[in-house]
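An overview of the molecular structure
Each chain is listed here by its residues.
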Amino acid sequence: MDLKTQVLVTGASRGIGLAVSRAFAVAGARVWVCARPSSALDDAVASLSGLGGKARPLPGDLTGEGMDALLEPVSRQGRLDVLVHNVGDVGPFAPFMEGGDRVWRDSLEINLMAAVRLTRLALPLLRASAGGRILFIGSTGARRPTGRWPHYSAAKAALLNFSQSLAVELAPEGITVNTVSPGPVWTQSWEREAAELAARESIPVAGVRQRLRNGAAARVPLGRIGEPEDVAGICLFLASPAASWITGADIPVDGGLGLASP
Ligand SMILES: NC(=O)c1ccc[n+]([C@@H]2O[C@H](COP(=O)([O-])OP(=O)(O)OC[C@H]3O[C@@H](n4cnc5c(N)ncnc54)[C@H](OP(=O)(O)O)[C@@H]3O)[C@@H](O)[C@H]2O)c1
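Sequence order sets the numbering: in each chain, residues are counted from 1 along the sequence as written. Totals for whole chains, interfaces and linings use every residue, but because this is a predicted model, local features are given only for residues with pLDDT of at least 70 and side-chain atom pairs only at 80 or more, for both listing and counting. Side-chain figures throughout are based on the complete set of non-hydrogen atoms in the structure, without hydrogens or water.

In this section: the site of the ligand. To be near a molecule or strand, a residue needs just one of its heavy atoms within 4 Å of it. Around the ligand, a shell composed of 29 residues is seen, among which Ser13, Arg36, Asn86, Tyr152 and Thr187 lie nearest. One of the backbone N or O atoms of Ile16 is found 2.9 Å from an oxygen atom in the ligand. Considering every element that reaches the shell around the ligand, the biggest residue donor is helix H6 (residues 188-201), with three residues. When the residues that make up the shell around the ligand are grouped by side-chain class, the tally is 12 nonpolar, 13 polar and four charged. Where each domain begins and ends is defined by an automated method or by a domain database. Three or more residues apiece are contributed to the shell around the ligand by two domains, here domain 1 (6-183 + 228-256) and domain 2 (186-225). Think of a polar contact as two N or O atoms within 3.5 Å of one another; within protein, one of them needs to be a possible hydrogen donor and the other a possible acceptor, and neighboring residues in sequence only count if both atoms come from side chains. Under the DSSP-based scheme used, a helix requires at least four consecutive residues in state H or I and a strand at least two consecutive residues in state E, with every element numbered from the N terminus. Note that Gly is not counted as nonpolar here; it falls among the polar residues with everything else outside the nonpolar set of Ala, Val, Leu, Ile, Met, Phe, Trp, Tyr, Cys and Pro and the charged set of Asp, Glu, Lys and Arg.

This is the structure:
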């Protein structure tokens, strides 16, 4: 990969998206780092500068319909080679009867519609590349729901189905579309859950954090919760020439969780 390889990573200011951006920057790509405008986004871009490639901020909110101008800075470069659409959100910890329509609509908006609209905007730029790549970050919950966050699992299942429809439609143009589906990976969304549970149970957050980490590790055959960097390598591979005959795949990155009995 070189500085001419244009990569766009969404949800890139922290967590999995930042780790994926770092891997592409180290590999020498020009990385567009997308998240809502914040000091976290500026810090992320600063942390990626000087790693080998180049990082540029692409501030924007991927929910709602006001995204039309988002990719203008990328368009000025003439093309996009790799889109890693990583934005997603598990939403509130809500069993089915606690999550009303609003929870479901919000989940479909951030986990599915953001991908639909961004892909619509990015496709003309990917078509201008010699071999465009689309990667969606899904979730093991799409195929293996846990009984928590039903809105999220359903939305990620829809994202996977969308990814595979696109893979079929775009194959004749040589554009590959794949999904990478992480199992539990310790990021800010887990920190948020730990804080919510600690407040609900009126106990210190440190204990809840440890309980969540241990609980996840106990379910995973490889015996530990994932870290954001665990997801980055497969993204780099799927964007590389070595993966030019892989499309429509859904690759689990879950420490073997998919093998374990429910
Ligand atoms: N962590 C896990 O255990 C796990 C497991 C399976 C799948 N996943 C999936 O992996 C992906 C990344 O998860 P993560 O845990 O790394 O998430 P995270 O730490 O919560 O980070 C989410 C990223 O998305 C950005 N973002 C959120 N809402 C946005 C919006 N409306 N517009 C633009 N950017 C937005 C955030 O930045 P701002 O808030 O500053 O905009 C941040 O950069 C998600 O699709 C998630 O569903 C995660």
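After presenting the structure, the write-up continues.
Here we come to the side chain of Asp254. Locating Asp254 in the fold gives a position in the segment after strand E7 (250-253). One buried charged side chain, Asp254, makes no salt bridge at all; its nearest oppositely charged neighbour is Arg144, positioned 6.9 Å away. What Asp254 contacts, discounting residues up to four positions off in sequence, is Thr140, Gly183 and Val220. Only protein chains enter the accessibility calculation, which uses a 1.4 Å probe; a residue whose area is less than 20% of its type maximum is buried, one above 50% is exposed, and one in between is partly exposed. His is not counted, nor are the chain ends; Lys and Arg add positive charge and Asp and Glu add negative charge. Salt bridges are identified by distance alone: a Lys or Arg side-chain nitrogen within 4 Å of an Asp or Glu carboxyl oxygen. Note on contacts: a residue pair is in contact if any heavy atoms of the two residues lie within 4.5 Å.

Of all hydrophobic cores here, the largest spans 32 residues; its most connected members are Val20, Phe24, Val33, Val84, Val180 and Cys235. Secondary structure elements with two or more residues in this core: strand E1 (6-10), helix H1 (15-26), strand E2 (30-35), helix H2 (39-48), strand E4 (82-85), strand E5 (133-137) and helix H8 (229-238). For this core, the element with the highest residue contribution is H1, accounting for six residues. Excluding anything up to four places from it in sequence, Val20 contacts Val9, Val84, Ala232 and Cys235. Buried Ala, Val, Leu, Ile, Met, Phe, Trp, Tyr and Cys residues that are joined via side-chain atoms within 4.5 Å together make up what is termed a nonpolar core.

Before going further, it helps to spend a moment on H2. Within H2, the full set of buried residues consists of Leu41, Ala44, Val45 and Leu48. Down the axis of H2, the sector holding all buried residues measures 95°, keeping them to one side. In H2, those exposed residues whose orientation departs by more than 90 degrees from the buried face are Ser39, Asp43 and Ala46. Buried residues in H2 make contact with H1, E2 and strand E3 (54-59). Between a side-chain oxygen at the N-terminus of H2 and the backbone nitrogen of Ala40 the separation is 3.1 Å; the capping residue is Ser38. Of the residues one or two after H2, Gly50 is the one with positive phi, at around 85°. The arc in question is traced by the directions running from the helix axis to the C-beta atoms.

Below, the discussion takes up the domain arrangement of the protein. According to the domain assignment, the protein contains domain 1 (6-183 + 228-256) and domain 2 (186-225). Each partner contributes to the interface: domain 1 provides 14 residues, whereas domain 2 provides 11 residues. Both sides of the domain 1 and domain 2 interface together cover about 960 Å² of buried area, and 46% of this is carbon and sulfur. Buried surface area refers to the total accessible area, computed with a probe of radius 1.4 Å, that the two partners give up upon joining, counted for both partners together. On the domain 1 side of the contact with domain 2, Arg14, Phe93 and Gly255 bury the most area, a combined 42% of that side's loss. For Arg148, the salt bridge identified is with Glu193, shortest N-O distance 3.8 Å. Taken together, domain 1 and domain 2 are joined by three residue pairs in polar contact (both at pLDDT 80 or more). Here the residues of the side of domain 1 that touches domain 2 sort into five nonpolar, four polar and five charged.

With that settled, the discussion passes to the pattern of salt bridges. Applying the stated criterion to the full structure yields 13 salt bridges. Residue Arg192 pairs with Asp89 through a salt bridge whose shortest N-O separation is 2.9 Å. Placement of Arg192 in helix H6 and of Asp89 in the loop between E4 and helix H4 (101-127) is noted, with a sequence separation of 103 residues between them. One salt bridge in this structure joins Glu173 and Arg127, with 2.7 Å as the shortest N-O distance. Of the two residues, Glu173 is situated in the loop between helix H5 (150-170) and strand E6 (176-182) and Arg127 in helix H4; the sequence distance between them amounts to 46 residues. Arg127 sits in the partly exposed class, given a relative accessible area of 44%.

Positioned with a positive phi, Trp149 is a non-glycine residue whose angle comes to about 50°. For Trp149, the position within the fold is in the loop between E5 and H5. Look at Trp149 and you get buried, because its relative accessible area is 12%. Phi is positive for Ser202, which is not a glycine, with a value near 50°. Position of Ser202 relative to the elements: it lies in the loop between H6 and helix H7 (205-219). Judged by its relative accessible area of 65%, Ser202 is exposed.

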